[in-house]
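Next come the chains, spelled out residue by residue.
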Amino acid sequence: MKAAHSHTQLLRTMAASENEKRSVELSGHVGFDSLPDQLVSKSVAQGFCFNILCVGETGIGKSTLMNTLFNTTFENEEVSHYEEEVTLRSQTCDLQESNVKLRLTIVHTVGFGDQINREESCKPILDYIDAQFEKYLEEELKIRRSLCTYHDTRIHTCLYFIAPTGHSLKSLDLITMKKLDSKVNLIPVIAKSDTVTRSELDKLKRRIMSELVSNGVQIYNFPTEDEAVSEINCSMNNLLPFAVVGSTDDVKVGNKMVKARLFPWGSVQVENENHCDFVKLREMLLRVNMEDLYEQTHTHHYELYRRCKLEEMGFKDTGPDNHSFSLQETYKAKKKEFFIERQQKEESMRQMFVNKVKEAEVELKEKEKELHDRFEQLKTKHQEEKKNLEEKRRELEEEMNAFNRRKVAAETLMGQALQGCSQQPFKKDKDKKNFFSLPSACSLTSGRNLN
């Protein structure tokens, strides 16, 4: 009886305490729908980056279009048409619109299409794009990485400038765009479109798109998945390639100043959609699809490069038994493979060195034998020449001795002859004296002769 009474009293006490609870009102809105605002604030604080690659021949209007597109004068050095090779020149500047900061990088292809041999014209461009991917991958693989503050230099879009000089694409344009489409978001544009008529321009656009499709060139198509931009992007995809005109000159048209190109017959207004597609390009490139270009670069082109690079390094997602691959095991396996490969290379180099040494020894022995044979020949020839010289010397000595004997004999005879000549006058004088002293004898003699 007492227990029942105490239980009833407890229930009454609890009911009274529940009636006395006070309600607490929220001071503000609580929910996760503020996350987009947080991301926007964080992104605006960090700033954005955007990199554009301009590919086209020298003098086609790349710099002028960039100056017009961002309403900024980029300092670019004038280049000639006599560049020996294609080089890439980048320029970075910081722009600000309202409270949004943008680090813009413009990369120009200097000397593209100016060489007689154009086989290697696109190689420097591909190497530059891969080099930017490699820098980003190296930053990702660092132990202490700082991707938030890293200056991303990957190319987010490539504006390929097509010259309106013919009725179709050049072979250089097709080859270059075919090699670029898997590495960058490719957007073809027809430069200096004010040099052709409207009907010719429409035909040129259809011909270019037909050639791109028939050659399998994948250009960037504006995304149509988002309902907010699907309609405008779908219509703009049908206008590709954009026919653009660039100009930084202010021309007075009516009562206002506009960017235009002034001709004797009139003016071509850059921002007039009836004159060119410059406004459409600016809207698609900067206002509507800039974030998608950045995302496509990161999720498609960079991922493709990253996957191929890691596969070359030996990394895999799963093993033969579909189990996850351990990074440490992969590193050990790659290290072991590298060690074995290095040993094989060392053994191969050692064997190659031994073979080279043996070949050198054989060659040296052959050279030594040749030198020895030549030495023996020279020695034999020297001995023969020495023997001949000895014989000639002996003959000369004999001739000299004979000459000396003849010389002595001749001198002796000459001496006797001179002595005989010197005694003969004295004998004649004596005979003459005796002749005159014996007249009778002479007369007798003469008389005898007469008889």
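As shown above, the structure is provided for reference.
Along each chain, residues carry numbers from 1 onward, in the same order as the chain's sequence is written. Selection of residues for local features in this predicted model requires a pLDDT of at least 70, selection of side-chain atom pairs for listing and counting requires 80 or more, and totals for whole chains, interfaces and linings are taken over all residues. Side-chain numbers come from the whole structure's heavy atoms, not from hydrogens or water.

Caption draft 1: Representation of the overall build of the chain in the model. When helices and strands are counted, the chain shows 11 helices and nine strands. A separation of at least 24 residues holds for 67% of the contacts in the chain among residues at least 6 apart in sequence. As presented, the chain carries roughly 32,700 Å² of accessible surface, and 53% of it is formed by carbon and sulfur atoms. The helix and strand labels rest on DSSP assignments: H or I over at least four residues marks a helix, E over at least two residues marks a strand, and numbering proceeds from the N terminus. Whether two residues are in contact is decided by their heavy atoms, any of which lying within 4.5 Å being enough. For the accessible areas, the method is Shrake-Rupley and the probe is 1.4 Å, while residue cover comes only from the protein chains on display.

Caption draft 2: Region of interest: the packing of helix α7 (residues 227-237) against helix α8 (residues 278-288). Axis angles are defined between N-to-C directions and span 0 to 180 degrees, where every axis is a line fitted to C-alpha atoms and, for a helix, only to the segment in contact. Where α7 meets α8, the axes come as close as 11 Å, and the angle between the chain directions of the two elements is 140°. On the basis of the axis angle, α7 is oblique to α8. At the point where α7 passes α8, the crossing takes the left-handed sense. On the side of α7, the interface is formed by V229, I232, N233 and M236, while α8 contributes K280, M284, R287 and V288. Any residue outside Ala, Val, Leu, Ile, Met, Phe, Trp, Tyr, Cys, Pro, Asp, Glu, Lys and Arg is labelled polar, Gly included; the first ten of those are nonpolar and the last four are charged. Partitioned by chemical class, the residues of the contact of α7 with α8 number five nonpolar, one polar and two charged. Roughly parallel refers to an angle under 35 degrees, roughly antiparallel to one over 145, roughly perpendicular to one between 65 and 115, and oblique to any angle outside these ranges. Each crossing is labelled by how the near helix is turned from the far one, with a counterclockwise turn of less than a right angle marking it left-handed and a clockwise turn marking it right-handed.

Caption draft 3: Focus on the sheet that holds strand β4 (residues 157-162). The pairing criterion for strands is at least two bridges between them, as found by DSSP. Across the sheet, six strands lie side by side as β2-β3-β1-β4-β5-β6; this open sheet has mixed pairing. Two strands lie at the open edges of the sheet, namely β2 (87-97) and β6 (242-243), each paired on one side alone. Taken strand by strand, helix α3 (residues 62-70) contacts β1 (48-55), β2, β3 (100-110) and β4, and its axis lies near 170° from that of β3.

Caption draft 4: Structural detail: the sheet that holds strand β8 (residues 256-263). Ordered in space as β7-β8-β9, the three strands form an open sheet in which the pairing is antiparallel. In this open sheet, the two edge strands, each paired with only one partner strand, are β7 (250-253) and β9 (266-269). Averaged over all pairs of adjacent strands, the angle between strand axes in this sheet comes to 70°, irrespective of strand direction.

Caption draft 5: Layout of unusual backbone geometry. For the bond from L240 to P241, the omega torsion is -5°, close enough to zero to count as cis. Summarising the element assignment, P241 is placed in the loop between α7 and β6. In this structure, S98 takes a positive phi of about 60° despite not being glycine. Here S98 lies in the loop between β2 and β3. The residue K192 is not glycine, and still its phi comes out positive at about 50°. Here K192 shows up in the loop between β5 (186-190) and α6 (198-214).

Caption draft 6: Molecular detail of empty space enclosed by the protein. Here the term cavity refers to a set of points on a 1 Å grid, laid over the protein atoms alone, in which a 1.4 Å probe fits but cannot get out; the term pocket refers to an open set having protein on both sides within 12 Å along at least five of seven lines, with lining residues being those that place an atom within 4 Å of a point. Grid points are joined across faces, edges and corners, and a volume is the space filled by probe spheres set on the points. If you walk through the whole model with that rule in mind, you get one cavity of 30 Å³ or more. Volume-wise, the largest cavity comes out at about 40 Å³. If you trace the largest cavity, you find it lined by G56, E57, I60, F112, Y160, F161, A163 and D173. Here the residues of the lining of the largest cavity are counted per class, giving five nonpolar, one polar and two charged.

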